[in-house]
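# Coordinate inspection notes
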Amino acid sequence: MRRNNKKRLIPLAIALALSLISAALAVPAITLNVQELGQGSTVITSSVTNADVSWTLDSTNPDYVTGATVTVTTDPGAGTIYLKLYSGTTLVAVAQASLNGSGTYTLTFASPVALSSFDTVYVVYQGG
């Protein structure tokens, strides 16, 4: 290869590497399906059927989340929504918001939570 061609490939390789790193850091939105609770033949129904979670990364360290924006379909306008993070069966963090009918809620954890510290996410609706 000619020297000029090698010089042209270096910036291209760097740009490709940076774009791959940027794509790896993107945090996807998560869609959750909600299962209604029931006891025996009595079913506790809820109008909340889906929730979308978009994570808020710590602005100084993207290895941590500070909270999330939860969008609720068919928002009942009353009650409380909880976002719970678990590592196995151990509760790592919880955030909550009161429903007001807007459908979109910003929940903030008391302190940033390391992405590596949890493996399960629960969105819980408690009727009001």
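Structural data are supplied above this passage.
Note that the structure is predicted; figures quoted are calculated from it, not measured.

## Overview of the overall build of the protein
- A count of helical and extended segments in the protein gives one helix and nine strands.
- When the elements of the protein are put in sequence order from the N terminus, they spell out α-β-β-β-β-β-β-β-β-β.
- In the protein, which comprises 128 residues, the proportion classed as buried is 23%.
- As displayed, the protein offers around 8600 Å² of accessible surface, 55% of which is attributable to carbon and sulfur atoms.

## Let's talk about the nonpolar core
- Ranked by internal contacts, the top residues of the largest apolar core, which has 19 residues, are Trp 55, Val 70, Ile 81, Leu 85, Leu 107, Phe 109 and Val 113.
- When contributions to this core are tallied by element, the ones reaching two or more residues are β4 (50-57), β5 (64-72), β6 (80-87), β7 (90-98) and β8 (104-114).
- Setting aside residues up to four positions removed in sequence, Leu 85 forms contacts with Trp 55, Thr 90, Leu 91, Val 92, Ala 93, Phe 109, Val 113, Phe 118, Thr 120 and Val 121.

## Quick look at the packing of aromatic side chains
- For the coordinates displayed, the defined rule picks out two aromatic pairs.
- Ring geometry for Trp 55 versus Phe 118: centroids 5.9 Å apart, planes at 40 degrees, classification tilted. You can see Trp 55 sitting in strand β4 and its partner Phe 118 sitting in the loop between β8 and β9 (120-126), a full 63 residues away along the chain.
- Owing to a relative accessible area of 14%, Trp 55 belongs among the buried residues under this scheme.
- Considering the side-chain rings of Tyr 86 and Tyr 122, the 5.2 Å spacing of their centres and the 90 degrees angle between planes classify their relative orientation as edge-to-face. Placement of Tyr 86 in strand β6 and of Tyr 122 in strand β9 is noted, with a sequence separation of 36 residues between them.
- When its relative accessible area of 43% is taken as the criterion, Tyr 122 is described as partly exposed.

Here is what the cut-offs are and how they apply
Residues numbered from 1 in each chain as written. Predicted model: local features only at pLDDT ≥ 70, side-chain atom pairs only at ≥ 80, totals over all residues. Heavy atoms only, no water. Helix = DSSP H or I, 4+ residues; strand = E, 2+ residues; numbered from the N terminus. Buried < 20%, exposed > 50% of the residue type's maximum accessible area, 1.4 Å probe, protein only. Areas by Shrake-Rupley, 256 points an atom, 1.4 Å probe, with all protein chains shown as cover. Core = buried A, V, L, I, M, F, W, Y, C linked by side-chain atoms within 4.5 Å. Contact = heavy atoms within 4.5 Å. Phe/Tyr/Trp six-rings, centres within 6.5 Å; stacked < 30°, edge-to-face > 60°.

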